[in-house]
Amino acid sequence: MRAAFCTLGCKVNQYETQALERLFTQRGHVLVPFEGEADVYIINSCTVTAVSDKKSRQTARQARKRAPQALVALCGCYPQTHPEDMGDLPVDLVAGTGDRVRFVELVERAWAERRERITALDDAMKRRVFEDLPAGGLEGRTRAMLKVEDGCVNFCTYCIIPYARGPVRSLPLNAAAAQAAALAEEGYKELVLTGIEISSWGRDFQDGSSLIDLVEAVCGAAPECRVRLGSLEPRTITEEFCRRAARLPNLCPHFHLSMQSGCDATLKRMNRKYGTARFFQSTGLLREHFQDPAITTDMIVGFPGETEEEFEQSLDFIQRCGFSAMHIFPYSKRPGTPAASMPGQAPKAVKEERARRAAEIASRMERNYLKQWEEVEVLFEEERDGLWWGHTTRYSKVGVRSGENLHNQLRRVRITTVGEGFLEGGLISLAPQ
């Protein structure tokens, strides 16, 4: 089959699509662009917001319109949590977030039989075993994602993902180290540890294992690779975590701490498991143990019940933290979550205005962080618009003009320009790594 993939949503979805791509090609199928002609169109969906659901539906309908005789398969978080929405969608196969190996077989069966729709959905809350999928991606990529954990049991009041992914399941430490070594052997220069909630890695083993044990094992198994961590729960950052992490020369000093709000009352309504004091302690520990670390975060504005005073507290707090970059989201009501029925739902205009004000502060903080750099090391990934683009260990985006093919090269760059969310400069004449 000619198989075309479209990935919506988070890095875990990106990882799982790459794994599916490998599984498809291992079985003799051919990958083609999603925008072109294919025998099967596979949409790996997201359900983190209502907009995500709408995008999944639109993508399925567009695929059907493009190729009426093709097979259209929808998998991922959206059908897992909203099976009742699948009835009027023009899809031939509906699957969820589990058993991706069987999904490949279901696609083959649906293509061969071309009969009635196949629906394959399980109860995510009953899952207990981590599904080990092929890590990395196809040739040409510089950064490989290594999924080490699935599931979440935090049950934040705004989030539907625990219902889509089920309880915490972890990739065993030895398996993670072996996959990291294999990816390094394939030529990847950077590994990203990803999962639904990687801070919970090891909890299901009930043997005292924690995330830092995994990080040490992966860094040791792939010493020539940068190792970058996905989003972290702030309570992960302890004195011991920082002390052990700072000893790892290939660990990127980039830490994405999931904040969501800088107001204690709002955090309590969100059912977050920390307060602003604990979060701020985490930023201090990171700056104590790492030189100029990049500390990034997420922020939801306009959460139900958020007053103007509470929002102002959040604005003050993010400036105290001095983030190097932020993702800011207006609150999106998610049916099926406790927050959807909370009083004090903010009007769209209020949420948009608060998002704009927070973004202005975030932009100033990001510029202040970027302008300190005079010379950086960059892993180059792609050429676009006449510039080669890559990222530093701190995930700052850097572009240079060069006649060389810089793909997957680590090069030193002297910075000449600070842009909005990026840096530009020129190569320093050193031999490529």
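See above for the structure.
Structural notes, computed from the coordinates. (Residues numbered from 1 in each chain as written. Predicted model: local features only at pLDDT ≥ 70, side-chain atom pairs only at ≥ 80, totals over all residues. Heavy atoms only, no water.)

**Notes on the packing of helix H11 (residues 308–321) against helix H12 (residues 348–370)**
Move 1: Contact pair H11 / H12: the axes reach a minimum separation of 10 Å and the direction vectors enclose 10 degrees. Between H11 and H12, the crossing angle belongs to the class labelled roughly parallel. Together, Glu308, Phe311, Glu312, Leu315, Ile318 and Gln319 of H11 and Arg354, Arg357, Ala358, Ile361, Arg364 and Met365 of H12 make up the contact between the two elements.
Move 2: Split into classes, the residues belonging to the contact of H11 with H12 amount to six nonpolar, one polar and five charged. (Axes fitted to C-alpha atoms, helices over the stretch in contact; angles between N-to-C directions. Helix = DSSP H or I, 4+ residues; strand = E, 2+ residues; numbered from the N terminus. Parallel < 35°, antiparallel > 145°, perpendicular 65-115°, else oblique. Contact = heavy atoms within 4.5 Å. Nonpolar A, V, L, I, M, F, W, Y, C, P; charged D, E, K, R; others polar.)

**A closer look at the layout of surface pockets**
Move 1: Within this model, the second largest pocket holds a volume of roughly 370 Å³.
Move 2: Where the lining of the second largest pocket is concerned, the elements lending two or more residues are strand S1 (2–7), helix H1 (11–26) and strand S7 (143–150).
Move 3: Classifying every residue of the lining of the second largest pocket by side-chain character gives four nonpolar, six polar and five charged. (1 Å grid on protein atoms, 1.4 Å probe; cavity = no way out; pocket = protein on both sides within 12 Å on 5 of 7 lines; lining within 4 Å. Points joined across faces, edges and corners; volume = space filled by probe spheres on them.)

**A closer look at the packing of aromatic side chains**
Move 1: One pass over the full model with this rule turns up 13 aromatic pairs.
Move 2: For the ring pair Tyr158 and Phe303, a centre distance of 6.2 Å and an interplane angle of 85 degrees mean the geometry is edge-to-face. One end of the pair, Tyr158, is in the loop between S7 and helix H5 (161–165); the other, Phe303, is in the loop between strand S12 (294–301) and H11, and 145 residues separate them in sequence. Grouping residues by exposure puts Tyr158 and Phe303 together as buried.
Move 3: Between Phe303 and Tyr331, the ring centres sit 5.3 Å apart and the planes meet at 80 degrees, which makes this aromatic pair edge-to-face. Of this pair, Phe303 sits in the loop between S12 and H11 while Tyr331 is found in the loop between strand S13 (325–330) and H12, placing the two residues 28 residues apart along the sequence.
Move 4: An aromatic cluster of at least three residues, connected via ring pairs, comprises Tyr274, Phe279, Phe280, Phe317 and Phe323.
Move 5: The ring of Phe280 is capped by Arg320, whose NZ or CZ atom sits 4.3 Å from the centre of that ring.
Move 6: Lying across the ring of Trp389, Lys397 places its NZ or CZ 5.0 Å from the centre. (Phe/Tyr/Trp six-rings, centres within 6.5 Å; stacked < 30°, edge-to-face > 60°. Buried < 20%, exposed > 50% of the residue type's maximum accessible area, 1.4 Å probe, protein only. Lys NZ or Arg CZ within 6 Å of the ring centre and 35° of its normal.)

**Topic: the sheet that holds strand S18 (residues 423–427)**
Move 1: On the basis of which strands lie adjacent, the closed barrel formed by five strands has the order S14-S15-S16-S18-S17 and mixed pairing. Each strand axis lies, on average, 55 degrees off the axis of its neighbour in the sheet, ignoring direction.
Move 2: Inspection of the sheet shows strand S16 (residues 397–400) paired to S18 by three bridges, in the parallel sense. Across the sheet, Val400 pairs through a bridge with Gly425, a residue of S18. (Pairing = 2+ DSSP bridges.)

**Some remarks on H11**
Move 1: Helix length check: H11, at 14 residues, gives a terminal C-alpha distance of 20 Å against a target of 20 Å (1.5 Å per residue), a fit within 8%.
Move 2: Residues of H11 that are buried: Glu310, Phe311, Ser314, Leu315, Phe317, Ile318 and Cys321. One side of H11 holds all its buried residues, which, seen down the axis, span an arc of 165 degrees. The exposed set on the far side of H11, more than 90 degrees from its buried face, consists of Glu309 and Arg320.
Move 3: Against strand S11 (254–260), helix H9 (264–270), helix H10 (276–289), S12, S13 and H12 lie the buried residues of H11.
Move 4: The first or second residue beyond H11 is Gly322, which carries a positive phi of 60 degrees. (Expected span 1.5 Å × (residues − 1). Arc of directions from axis to C-beta.)

**Focus on the packing of H10 against H11**
Move 1: The N-to-C vectors of H10 and H11 enclose an angle of 15 degrees; their axes lie 10 Å apart at closest approach. By the angle between their directions, the pair H10 and H11 is classed as roughly parallel. As H10 packs across H11, the resulting crossing turns out to be right-handed. Of the residues in H11, those touching H10 at Thr276, Phe279, Phe280, Thr283 and Arg287 are Phe317, Arg320 and Cys321. (Left-handed = near helix turned anticlockwise from the far one by under 90°.)

**Quick word on unusual backbone geometry**
Among all residues except glycine, the phi angle is most often negative; among peptide bonds, the trans geometry is most common.
Move 1: For Asp99, which is not glycine, the phi torsion reads 50 degrees and is therefore positive.
Move 2: Looking at the element boundaries, Asp99 is found in the loop between strand S5 (93–95) and helix H4 (100–113).
Move 3: With a phi angle near 55 degrees, Asp385 is a residue other than glycine that sits in the positive phi range.
Move 4: Counting through the fold element by element, Asp385 comes out in the loop between strand S14 (375–384) and strand S15 (387–391).

**Considering empty space enclosed by the protein**
Leftover empty space is mapped by rolling, across the atoms, a probe with the size of a water molecule.
Move 1: Applying the stated criterion to the full structure yields one cavity of 30 Å³ or more.
Move 2: What lines the largest cavity is Asn154, Cys156, Glu233, Arg235, Asn271, Arg272 and Lys273.

**With respect to the environment of Thr81**
Move 1: Assignment of secondary structure puts Thr81 in helix H3 (residues 77–81).
Move 2: For Thr81, a relative accessible area of 16% corresponds to the buried category.
Move 3: The sequence separation of Thr81 and Ile160 amounts to 79 residues, and the corresponding C-alpha distance is 7.9 Å.
Move 4: If near-sequence neighbours (up to four positions away) are discounted, Thr81 is found in contact with Thr47, Ile160, Tyr163 and Ala164.

All quantities given are derived from atomic positions and should not be read as evidence of function.
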